[in-house]
Amino acid sequence: MYTSIAMGRVSKKSFKRSSRPRAKSMITDCEIQPLLNSDLSRTSIADNGFIFKYDSENSDLENNKTPATPSKANELLYPYYLRYARHSDTLLNTCSKSFSLDYDILNRPKFYRKLQPYIPLGDTITNEPYTQNSIITIFAIWNTIMGTSLLAMPWSVERAGLVMGLLLMFVIAALCLYTSNRILKVQVLHGNDTGEVAQLSKNLLGPWAEVIAKLFSFIILLGANIVYWILMSNFLYYSVGYVHDLLFADENTGAFEFNTTNLICPNNADYTNATSNSTRPWTLYERIWDLNTTVPIFLVVIVAPLLNFRSATFFTKFNSLGTLAVLYLFIFVIIKSYSWGINMSAPTIGGLTDYSEFYKNTFPATSGMLTLSMFIHNIIITIMRNNENQKHNGRDLSIAFTLVLLTYILIGITFYVCFPLAKSCIEDNFLNNFPRTDVFSIIARVFLFFQLLTVYPLISYMLRVQVFAALELSIYPSVLHVIALNCFVIFICILFAIFMPHIGTVIRFSGAICGFVYIYTLPTMLHLASQRRRNLLTFGSVIFHISISLIGLANLIAQFFV
């Protein structure tokens, strides 16, 4: 899912001083300057508002801290003008004196063309686009795709079996690479400097396709919110439990260990009963602080105050947390797996040995989860637009997907092969397989909690902006609008955290649903529409690309039978 953008130094174009000394004063008179000087202008914006980079599953969000290009700044200004132009003749009259604007301001392309020469960056303006080299672009894609799906990757391998899981990783990665590359090709032929998938869909397929693209972009963001709320509840529960155990240790609290082999199997009754010393009544603390009932509600106290800011750019200052989280999880899995060794058959209970399976009928759960784990299609144009050499887009995209695939294989396959208990014990959040006394897992949970605490407001902000942009409202219509939307989103998240606290299920369903539209259908339809417009459409191409859409449909239907 979407998570973060890799950090690094980016080449900067020199700024030229404006030859229009009146630009700054004119823009101040029309109240544009405050918007352009804000940090919001550094966020990538597409036709339907800000576009979020996540995980996804996704899907942790961070940006490149890039200065605004004229086209991006225009995108930021348009919703502002669209709202006030309809209600203020004074604004139109004032701006028309300086910009020669009229009621064409309501037309987005015309608005951009008129405003383009008057974009200040500090005291200067520039018409040169902001670019980055291939290395930065590759790691931006890699770090954007990588997200909390890493925690569920061993579980996805268990759902499919070792060989089938590995095969699905290659197949889904290849399909996602191909369809995202199709989007880039169509953008080159039929897109513009500011358009995204929604705009391409409108131009080539019709307004209905634009509506569908925007709708499923909302669903992706809402799915990411739900997954993050479940994970934050989990991490908060265990983090507070760690402090509680330190302060109020008793005979039921084990000693803290740095490399324990005493793993747990929460969803297997046989293992749970075999490893449990005794049954005892819950303490007052356990009744108040319960993972699946009270903690998701208590989390509101921490998260809700962070969601109502006009700008979420404060949280983008924690960009490095996304990369550090991936690095820590990788080291964590390697250390644990090395200490366990290879275990292709698990210890027995009741005289039965649980062998690792190469194939399982529940493999659609894996294909659904991997679909979201490879999802980047609704923002790929924004990322690749800033690539310094556009001829290398295909190569850089292929390298990035290869890195993603290798990372998933190293974490998913390694943990699965070395896991010492029955493979069916692997949780969709593999940290749940470690007892609360394991120090390495404690560090991971605390670290990931604070990372997600900075990512969740960004996801909510992107969802808010896209929803209000679709309703043709300003970025921050009013406090009541923002609070109402945030309350609705939080309410949905709490319901899932209480009644469906399984990130694997949420990821695979949201991946299958949105993947069917954004990965398997829209890119292929755009490609076929482009070929038809250029008189290059062939029967073989139609059959091949319709087959991709049918794979996505089969993947979606199969989720209901796992």
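Residues numbered from 1 in each chain as written. Predicted model: local features only at pLDDT ≥ 70, side-chain atom pairs only at ≥ 80, totals over all residues. Heavy atoms only, no water.

Tell me about the overall build of the protein chain, and name the residues and values.
For the protein chain, the helix and strand inventory stands at 22 helices and 6 strands. The proportion of buried residues among the 562 residues of the protein chain is 57%. Counting contacts in the protein chain only where the partners sit at least 6 residues apart, residues at least 24 apart contribute 84% of the total. Surface accessibility of the protein chain: about 23,900 Å² in total, with carbon and sulfur atoms responsible for 64%. (Helix = DSSP H or I, 4+ residues; strand = E, 2+ residues; numbered from the N terminus. Buried < 20%, exposed > 50% of the residue type's maximum accessible area, 1.4 Å probe, protein only. Contact = heavy atoms within 4.5 Å. Areas by Shrake-Rupley, 256 points an atom, 1.4 Å probe, with all protein chains shown as cover.)

Let's hear about the environment of G147: which residues, and what values?
Within the element layout of this structure, G147 appears in the loop between α6 (134–145) and α7 (149–160). Assessed through its relative accessible area of 8%, G147 is described here as buried. Separated by 176 residues in sequence, G147 and T323 have C-alpha atoms that sit 9.6 Å apart.

Could you give an account of the pattern of salt bridges, naming the residues involved and the relevant values?
Going through the model one piece at a time under the given rule, you end up with 6 salt bridges. The salt bridge involving E210 is made with K214; its shortest N-O contact spans 3.4 Å. A residue pair is termed a helical-turn pair when its members lie 3 or 4 positions apart in one helix, as E210 and K214 do in helix α10 (residues 207–247) at 4 residues. Just as E210 is buried, K214 falls in that class too. (Salt bridge = Lys/Arg side-chain N within 4 Å of Asp/Glu carboxyl O.)

Before we move on, can you summarise a nonpolar patch on the surface with the specific residues and values?
Together, I546, L550, L553, I557, F560 and F561 make up a nonpolar patch on the protein surface, roughly 640 Å² of accessible area in all. Locating L553 in the fold gives a position in helix α22 (residues 539–558). Judged by relative accessible area, L553 falls into the partly exposed class, the value being 34%. (Patch = residues over 30% accessible without salt bridge, like charges linked within 9 Å, V, L, I, M, F, W, Y side chains within 5 Å.)

Please give an account of the nonpolar core that cites residues and values.
With 133 residues, the main nonpolar core has W229, F430 and Y456 as its most contacted residues. When residues in this core are grouped by element, the largest group, 18 residues, is from α10. Among all residues touching Y456, those that are not within four sequence positions of it are N225, Y228, W229, M232, V303, L307, V489, I490 and C493. (Core = buried A, V, L, I, M, F, W, Y, C linked by side-chain atoms within 4.5 Å.)

Provide a residue-level description of the packing of aromatic side chains, including the pertinent values.
Under the defined criterion, the tally for this structure stands at 19 aromatic pairs. Seen from their ring centres, W289 and F298 are 5.6 Å apart, and the 20 degrees between their planes marks the pair as stacked. On the accessibility criterion, F298 (36% relative accessible area) is partly exposed. Ring-pair connections join several aromatic residues into one group, and the members of that group are Y328, F332, W340, F415, F419, F430, F434 and F447. Residue placement shows K423 over the ring face of Y416; its charged tip is 5.3 Å from the ring centre. Of note, R445 hangs over the ring of Y238, and the distance from its end group to the ring centre comes to 3.9 Å. (Phe/Tyr/Trp six-rings, centres within 6.5 Å; stacked < 30°, edge-to-face > 60°. Lys NZ or Arg CZ within 6 Å of the ring centre and 35° of its normal.)

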